[in-house]
Amino acid sequence: MLDNPEVPHQDETLPSADDGYQPSARRLERERLHRARTRRAIAVAAASTLVTVGVLYLAVTHAPGWPRTRETFLNAHYARIALPQVLKGLWLNVRLLVCCGALILVFGMLLALARTLRGPVFFPLRALATAYVDFFRGLPLIICLLGVVFGVPALRLQGVTNNPVVLGGAALVLTYSAYVAEVFRAGIETVHPSQRAAARSLGLTGAQAMRYVVLPQAVRRVVPPLLNDLVSLQKDTGLVSIAGAVDAVYAAQIITGESFNYTPYVVAGLVFVALTIPMTRFTDWVTARMNRRQSQGGAV
Amino acid sequence: MTQVVLRMEAVRKSYGPTVVLRDVDLEVPQHTVTALIGASGSGKSTLLRCANLLEEVDDGAIFLDGEEITDPRADQNAVRRRIGVVFQAYNLFPHMTVLDNITLAPRRVHRMSRAQAEEQARELLARLGLADKAGEYPDRLSGGQQQRVAIVRALAGRPRLLLLDEITAALDPELVGEVLSVVRDLKEQGMTMVIATHEMGFARDVADQVCFLDGGVVLERGAPQEVFGAPREERTRRFLRRIVEAGRL
């Protein structure tokens, strides 16, 4: 009864066992139940999504001010005008994101490492890093930005640029490095001391233990919060517009200023969202793959 | 007549192309101890994980008190409430005191009052000689103490069946004894247990039934005197000879 010879070996998901194994009737019945359950789950999900979307749609479109709102925020004419301008501005945001992101990761890591240094010799370095993080994490980004963008040119230093994009980027790096340093430090501290002990016992120096054993584990663990900061940075790149650089938000603002229609802002917002989603999916995929490689599976 | 607590029927489990359990049949009557022996990787742990539904079997069926627990419609949480598990690496929660580790499931799962759960926990701790450790954190205890706490934690849910997965494998030799004597006491009290172990002497003493697993197959099964004294299979003989040479029997 358990091994049903009449059932042909046709299930593609079965492991290729070489022992002439034939799935039993019990297994086929169980798999049929699983499939039925999956189908039901999908049906329920679809139905509830439909209802939710329907209710939201009706609630919004039946609001008293809806025609006016639609005209002001979702105007196809202005969207068409705004999109190329916004995309041109977005290119600046992307460049800022990539350059600042790379610098922030490097500085953040250096700050975190400086804070984990032991020994009295390193006290000044440690204190400096701690003070830096304390200060720049507490300072509102907008104030940091104003200070750098308008304060540095006011000094009239020789050979220092007045380019608002570069200065704005520098302000972003200053602030975000402090955040990212704390993320890295938290990651480093979650690696169990026994890992360090094992590395040192093999004769690795403190720096080598950090480089080859602690950091690889720490960085993997903090990928999700790092991504969080990166997405946040991406949005904050828009703040360089206060220095006069035309990014996606500023491009939208210019059109809105002429037309008194807010559609360009909606376009800019959607463009930003569209930019983060692939990034999030990509890091999800990377972390999932890492986890699959390292851990054994299980049903719970 | 004795009741069968756990029954496995033609259980099969594979990870990708590797078949870990093949056509495994097993019957564990109430108030008896079954020892699973065999080399590392022979499928002992997987068998226990399947019994607790931590792994899904590919084929075959597992019954707890005659009720099929591998049925997709079975309530997995209800099944696990009736089975206690002790792991090789203790798996105590490091952020909770001993007492909180033990009372977590009675309070959150079995809806016991805090006072009642703690009273039961203290009583069990006292019975295992750990009365003074209730307020300690697990990392401050020795391996043997941690493993005994893990046993108390498993017992606190008043399980029908206790699964012990190589519970002495991570312990220093001088700490093995204290844990094994706890298991002997549990047997005296009539606890039904399935034990995966490398301690052959212990298996011979305490088990009512010994199963020798080899390559995911139950190669030999019987009373300890039969399996250890007069093994039928050549592979069992070879395994036991290696164990004797290693001075473990």
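The name recorded for chain A in an unreviewed UniProt entry is Amino acid ABC transporter permease, from Streptantibioticus ferralitis. Turning to chain A, the UniProt annotation filed under Sequence similarities (unreviewed entry) states: "Belongs to the binding-protein-dependent transport system permease family. HisMQ subfamily."

As for the overall build of chain A
Assigned secondary structure in chain A consists of 11 helices and 0 strands. Start at the N end of chain A and walk to the C end: the helices and strands fall as α-α-α-α-α-α-α-α-α-α-α. Here chain A has a C-alpha radius of gyration of 28 Å; the compact-globule value for 300 residues is 19 Å, and the former is much larger. For chain A, with 300 residues in total, the buried portion stands at 32%. Nonlocal contacts in chain A, meaning residues at least 24 apart in sequence, comprise 72% of its contacts between residues at least 6 apart. Carbon and sulfur atoms form 66% of the exposed surface of chain A, whose accessible area is close to 18500 Å².

Things to note about the domain arrangement of chain B
All names here are of chain B. When cut into domains, chain B gives domain 1 (1-82 + 162-249) and domain 2 (93-158). At the interface, 11 residues of domain 1 touch 14 residues of domain 2. Here domain 1 meets domain 2 over a buried area of about 1000 Å², counting both sides, of which 73% is carbon and sulfur. Per-residue buried area on domain 1 facing domain 2 is highest for Arg81, Glu178 and Val182; these three make up 41% of the total on that side. At the boundary of domain 1 and domain 2, one finds 1 salt bridge. In this structure, Arg148 and Glu178 form a salt bridge, with 2.8 Å as the shortest nitrogen-oxygen distance. Counting across the domain 1 and domain 2 interface gives 3 residue pairs in polar contact (both at pLDDT 80 or more).

Re the nonpolar core
Residues and elements named next belong to chain B. Ile151 and Met193 are the most contacted members of the largest nonpolar core, which has 49 residues in total. A per-element tally of this core places helix H6 (residues 173-188) first, with 7 residues. The residues that make up this core include at least three from each of domain 1 (1-82 + 162-249) and domain 2 (93-158). Dropping the residues within four chain positions of it, Ile151 is found in contact with Val86, Leu128, Ile167, Val179, Val182 and Leu186. Ranked by size, the runner-up nonpolar core spans 27 residues in total, among them Val57, Ile69, Leu161 and Leu213.

Overview of the packing of aromatic side chains
In total, this model carries 7 aromatic pairs over all chains according to the counting rule given. Ring centres of Phe73 of chain A and Tyr262 of chain A lie 5.4 Å apart, and the angle between their planes is 20°; this geometry places the pair in the stacked category. Of this pair, Phe73 of chain A sits in helix H2 (residues 66-73) while Tyr262 of chain A sits in the loop between helix H10 (248-259) and helix H11 (263-294), placing them 189 residues apart in sequence. Phe73 of chain A gets classed as partly exposed once you look at its relative accessible area, which sits at 36%. You can call Tyr262 of chain A partly exposed: its relative accessible area is 38%. Taken together, a centroid distance of 5.8 Å and an interplanar angle of 55° make the contact between Tyr176 of chain A and Tyr179 of chain A tilted. One end of the pair is Tyr176 of chain A and the other is Tyr179 of chain A, both in helix H6 (residues 164-190) and 3 residues apart, which spans about a single turn. Judged by its relative accessible area of 4%, Tyr176 of chain A falls in the buried class. Residue Tyr179 of chain A is classed as partly exposed on the basis of its relative accessible area, which comes to 34%. Members of the aromatic cluster, joined through ring pairs, are Phe73, Tyr262 and Tyr265 of chain A. Seen from the ring of Tyr21 of chain A, Arg12 of chain B lies directly overhead, with NZ or CZ sitting 3.5 Å from the centre.

Brief notes about the pattern of salt bridges
The final tally for this structure, using the stated rule, is 26 salt bridges over all chains. Between Glu118 of chain B and Arg114 of chain B there is a salt bridge, and its shortest N-O distance comes to 3.0 Å. In this pair, Glu118 of chain B and Arg114 of chain B are both assigned in helix H4 (residues 114-127), 4 residues apart and thus about one turn of the helix distant. Linking Glu136 of chain B and Arg140 of chain B is a salt bridge whose minimum nitrogen-to-oxygen distance equals 3.2 Å. Exposure remark for Glu136 of chain B: the relative accessible area of 26% places this residue in the partly exposed category. The class for Arg140 of chain B is exposed, based on a relative accessible area of 65%. Each of Arg115, Glu182, Arg185 and Glu189 of chain A takes part in one network of salt bridges that share partners.

Thoughts on a nonpolar patch on the surface
Residue and element names in this part refer to chain A. Judged by side-chain polarity, Ile142, Ile143, Leu146, Phe150 and Ile242 come together as a nonpolar surface patch covering roughly 420 Å² of accessible area. Relative to the elements of secondary structure, Ile142 occurs in helix H5 (residues 141-154). Ile142 gets classed as partly exposed once you look at its relative accessible area, which sits at 37%.

Overview of the sheet that holds strand E2 (residues 18-29) of chain B
Sheet architecture is open: 4 strands sit in the order E2-E1-E4-E5 (chain B), paired in antiparallel fashion. At either margin of the open sheet sits one strand with a lone partner, and together these are E2 and strand E5 (67-68) of chain B. Pairing of strand E1 (residues 4-15) of chain B with E2 of chain B involves 8 bridges; the strand directions are antiparallel. By the bridge assignment, Lys13 of chain B is partnered in E2 of chain B with Leu21 of chain B. Where helix H1 (residues 25-61) of chain A meets the sheet, its contacts fall on E1, strand E4 (59-64) and E5 of chain B, and the angle it forms with E4 of chain B comes to roughly 85°.

Quick notes on the sheet that holds strand E3 (residues 33-37) of chain B
Residues and elements named next belong to chain B. If you trace the 6 strands from one edge of the open sheet to the other, you get E6-E7-E8-E3-E9-E10, paired in mixed fashion. Only two strands of the sheet have a single neighbouring strand rather than two, namely strand E6 (83-86) and strand E10 (217-222). Ignoring which end each strand starts from, the neighbouring axes of this sheet average 15° apart. Along the sheet, helix H5 (residues 143-155) contacts E6 and strand E7 (161-165); its crossing angle with E6, the most-contacted strand, is approximately 170°.

A look at the pairing of E6 of chain B
All names here are of chain B. On E6, burial covers both faces: Ile83 and Val85 on one face and Gly84 and Val86 on the other are all buried. Direction of pairing for E6 relative to E7: parallel, over a ladder of 4 bridges. Residue pairing in the sheet places Val85 in a bridge with Leu163 of E7.

Quick notes on the rules
Residues numbered from 1 in each chain as written. Chains lettered and ligands numbered in written order. Predicted model: local features only at pLDDT ≥ 70, side-chain atom pairs only at ≥ 80, totals over all residues. Heavy atoms only, no water. UniProt positions renumbered as here; feature names shortened; annotations may be inferred. Helix = DSSP H or I, 4+ residues; strand = E, 2+ residues; numbered from the N terminus. Rg over C-alpha atoms; globule rule 2.2 N^0.38 Å. Buried < 20%, exposed > 50% of the residue type's maximum accessible area, 1.4 Å probe, protein only. Contact = heavy atoms within 4.5 Å. Areas by Shrake-Rupley, 256 points an atom, 1.4 Å probe, with all protein chains shown as cover. Domains from an automatic or database assignment. Buried area = accessible area lost by both parts, 1.4 Å probe. Salt bridge = Lys/Arg side-chain N within 4 Å of Asp/Glu carboxyl O. Polar contact = N/O pair within 3.5 Å; in protein donor to acceptor, adjacent residues only side chain to side chain. Core = buried A, V, L, I, M, F, W, Y, C linked by side-chain atoms within 4.5 Å. Phe/Tyr/Trp six-rings, centres within 6.5 Å; stacked < 30°, edge-to-face > 60°. Lys NZ or Arg CZ within 6 Å of the ring centre and 35° of its normal. Patch = residues over 30% accessible without salt bridge, like charges linked within 9 Å, V, L, I, M, F, W, Y side chains within 5 Å. Pairing = 2+ DSSP bridges. Axes fitted to C-alpha atoms, helices over the stretch in contact; angles between N-to-C directions.

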